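Chain by chain, the residues:
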Amino acid sequence: MTANGPPLILPGKMIGIIGGGQLGRMLILAAARLGYRSCVLCPDPGAPAVQVATQHVAGDYTDVEAITAFTDCIEVATYEFENIPAETVAQIARTKPIAPAVKALEVAQDRLIEKQFIQNLGIEVAPFQDIASLPDLKQALETIGAPGIIKTRRFGYDGKGQRAVKPDQSIEDIWADFDGIPAIYEGFVDFACEISVMVVRDHSGHTVTYPPGINEHRNHILYRTTVPAKIDATTADVAATAAQKVAEALSYVGTLGVEMFVRADGSLVVNEIAPRVHNSGHWTLEGAQTDQFENHIRAITGLPLGDTRLLGPTQMMNLIGEDVCSLDAYLSDPSATLHLYGKDEPRAGRKMGHVTRRLKWPQA
C-alpha cells in the first residue's frame, strides 16, 4: 500500500477519524458493523466519537506529536468536520491514505473559493462578490442588490458568521461585525425549497447518489429533512448529476453533501458543499438500504459501495437543546428510531441527537 494509491483495507484494521463529534461517532458505529476498529484524534476525552472509539489520541489538530501518534496507529484516515487545518490533512497524507483528499477541504473551507469552483463547473450559484472593505460591500449592493447576506469566508456553520442585508438598511453597522474579516456577499435566491443530495464516490471513480431530501430550518439550524423530496423527476436527476459532477471535479472519495435551492420552475442553484457525511443525510440510517456512514467507510477502505435505494418515505428531525428532554414521546412512537449523541448538557442550538421516522407512501 502507498500513501497515494487506492487502498484496500480489510476489516479488522484501524480507521482514523479526525474530529470527535456526532458525525465521527456514527462513522465509528458504521465501521464497527463492518469489523473495523477506530482511533479518534481530538482534544476532548469525553467527545461523542471518543465514547465509542477503540482508541483516542488526545491533542489539538495542529499538535504535530499528536498527529504523528494518530497516524502511526491507523491504516487510513478521514475527517468528520471541515474546520481543521488543511496542513493537518497534508501531513497525514504524506504517510497514510486520507480521504477525502486535501483539495476538497481547501475548496469547502473558503466560501469564495467554493463558489468560484462550482461556478467554473457550469453549475449555477447565487450571485456573489468578494468583500474586503466597506466600499466593496457598497459596490456589491449596487451590483447584486439587496436583500442578500454577508458571510465570513471561513469557519461559519449553522447560521454563525453571517448577517442578512435588507434593502435600505444601514450597512455601516453590519460591516462593523466583519471589518478585518475576509467575507463574501451573496444575493438572495428566490427559491421554493432547499434540498440536499448525498453522493458517494470511490477510488475508482464510481459514484452512487441518494434520493434528494427536502430541508427545513429553524433559527438557521437544520430542523427536519424529508425524503423523497417533493420535486419532479427531472429536477431530481439534474440535482444528482450536479452532485456527481462536483465529486468528480474534486477527485473525491467518500460521502459528499451538496445543498441546493430549487426555484419554482425546477431550476437549481447550488448553495454549498460539505466534504463529509452530512446532517441532512441522517435519514439514510433507517431510510436507505445502505446508510451514508457505511458507504463512506466502504469508499475510503476500498470496499464496494452499497445500494442507496430508498426503503420508504422517511423523515429525520434534529433534537436541538431541550428537544432531547421529550424522550418518552420518541421512544413510545413505533415509527420512530432515536439516536442520541452522548452529550451531557442540552444547550440552545446544540444538536443532542435526532429521530428518524418511517412514513407512509401518500395515497394516490
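Residues numbered from 1 in each chain as written. Predicted model: local features only at pLDDT ≥ 70, side-chain atom pairs only at ≥ 80, totals over all residues. Heavy atoms only, no water.

Turning our attention to the sheet that holds strand E8 (residues 183-187). The antiparallel open sheet is built from four strands, whose spatial order is E5-E8-E6-E7. If you trace the sheet from one side to the other, it starts and ends with strand E5 (128-131) and strand E7 (162-165), each paired once. Across the sheet, the mean angle from the axis of one strand to that of its neighbour is 20°, orientation sign disregarded. With five bridges joining them, strand E6 (residues 148-152) and E8 adopt antiparallel strand pairing. Counted as the bridge partner of threonine 152 is alanine 183 from E8. Most of the contacts of helix H5 (residues 111-120) go to E5, to which it runs at about 150°, and overall it touches E5, E6, E7 and E8. Against the sheet, helix H6 (residues 134-143) makes contact with E5, E6, E7 and E8, and its axis sits at roughly 170° relative to E5, the strand it touches most. (Pairing = 2+ DSSP bridges. Helix = DSSP H or I, 4+ residues; strand = E, 2+ residues; numbered from the N terminus. Axes fitted to C-alpha atoms, helices over the stretch in contact; angles between N-to-C directions. Contact = heavy atoms within 4.5 Å.)

The next thing to look at is the packing of aromatic side chains. Scanning the entire structure with this criterion turns up three aromatic pairs. With a centroid separation of 4.3 Å and 20° between ring planes, the pair formed by phenylalanine 191 and phenylalanine 261 is classed as stacked. Of this pair, phenylalanine 191 sits in the loop between E8 and strand E9 (193-201) while phenylalanine 261 sits in strand E13 (residues 254-262), and the two are 70 residues apart along the sequence. Residue class for phenylalanine 261 comes out buried when judged on its relative accessible area of 12%. Each ring, one from tyrosine 210 and one from tryptophan 283, has its centre 6.1 Å from the other, and the planes form 90°; the classification is edge-to-face. Within this pair, whereas tyrosine 210 is found in the loop between strand E10 (207-209) and strand E11 (213-218), its partner tryptophan 283 is found in the loop between strand E14 (268-274) and helix H9 (284-287), the two being separated by 73 residues in sequence. For tryptophan 283, a relative accessible area of 1% puts it in the buried group. (Phe/Tyr/Trp six-rings, centres within 6.5 Å; stacked < 30°, edge-to-face > 60°. Buried < 20%, exposed > 50% of the residue type's maximum accessible area, 1.4 Å probe, protein only.)

Read across the sheet, four strands follow the order E3-E2-E1-E4 without closing on themselves; strand pairing throughout is parallel. The open sheet has two free edges, formed respectively by strand E3 (55-58) and strand E4 (76-79), since each of these has just one partner strand. Looking at each pair of strands side by side, their axes are set apart by 25° on average, direction ignored. Strands in contact with helix H10 (residues 292-301) are strand E1 (14-18) and E4; relative to E4, the strand with the most contacts, it is inclined by about 140°.

Turning next to the side chain of glutamate 194. Among the structural elements, glutamate 194 can be located in strand E9. Beyond its immediate sequence surroundings of up to four residues, glutamate 194 is in contact with Gly213, Ile214, Asn215, His217, Glu259, Met260, Phe261 and Asn271.

Let us now look at the side chain of aspartate 291. Structurally, aspartate 291 is set in the loop between H9 and H10. Side-chain polar atoms of aspartate 291 contact the backbone nitrogen of glutamate 294, separated by 2.8 Å. Contacts of aspartate 291, omitting those with residues within four sequence positions, involve Arg33, Tyr210, Thr284 and Leu285. (Polar contact = N/O pair within 3.5 Å; in protein donor to acceptor, adjacent residues only side chain to side chain.)

The topology assignment puts serine 251 in the loop between helix H8 (233-249) and E13. Along the chain, serine 251 and proline 100 lie 151 residues apart, while their C-alpha atoms are 8.5 Å from each other.

It is worth spelling out the nonpolar core at this point. In terms of nonpolar packing, the biggest core is built from 86 residues, with Ile18, Phe70, Ile195, Met260 and Ile273 touching the most fellow members. Discounting residues that sit within four places of it in the chain, isoleucine 273 has contacts with Val107, Ala108, Glu114, Ile118, Val246, Leu250, Leu256, Gly257 and Val258. One finds Ile131, Val165, Trp175 and Tyr185 within the second-largest nonpolar core, a separate group that totals 11 residues. (Core = buried A, V, L, I, M, F, W, Y, C linked by side-chain atoms within 4.5 Å.)

Next up on the list: the pattern of salt bridges. Pairing between side chains of opposite charge can happen when the charged atoms of each approach one another. Enumeration over the complete set of coordinates arrives at 18 salt bridges. Salt-bridge contacts for aspartate 110 lead to arginine 153; the nearest nitrogen and oxygen are separated by 2.8 Å. Of this pair, aspartate 110 sits in the loop between helix H4 (102-108) and H5 while arginine 153 sits in the loop between E6 and E7, and the two are 43 residues apart along the sequence. Accessibility expressed as a relative area gives 17% for arginine 153, which makes it buried. Close ionic contact of aspartate 307 with arginine 309 constitutes a salt bridge, the shortest N to O distance being 2.5 Å. (Salt bridge = Lys/Arg side-chain N within 4 Å of Asp/Glu carboxyl O.)

For the pair helix H1 (residues 22-33) and H10, interaxial distance at closest approach is 8 Å and the crossing angle is 70°. It follows from the interaxial angle that H1 and H10 lie roughly perpendicular. The chirality of how H1 crosses H10 is right-handed. The segment H1 lies against H10, with Leu23, Met26, Leu27, Ala30, Ala31 and Arg33 engaging Phe293, Glu294, His296 and Ile297. Of the residues belonging to the contact of H1 with H10, the class tally is seven nonpolar, one polar and two charged. (Parallel < 35°, antiparallel > 145°, perpendicular 65-115°, else oblique. Left-handed = near helix turned anticlockwise from the far one by under 90°. Nonpolar A, V, L, I, M, F, W, Y, C, P; charged D, E, K, R; others polar.)

This next bit is on the packing of helix H2 (residues 64-72) against helix H3 (residues 86-93). Taken N-terminus to C-terminus, the directions of H2 and H3 make an angle of 40°; their axes are 10 Å apart at the nearest point. Judged by the inter-axis angle, H2 sits oblique to H3. Crossing hand, H2 versus H3: right-handed. Here Val64, Ile67, Thr68, Phe70 and Thr71 of H2 come into contact with H3, specifically with Thr88, Gln91 and Ile92.

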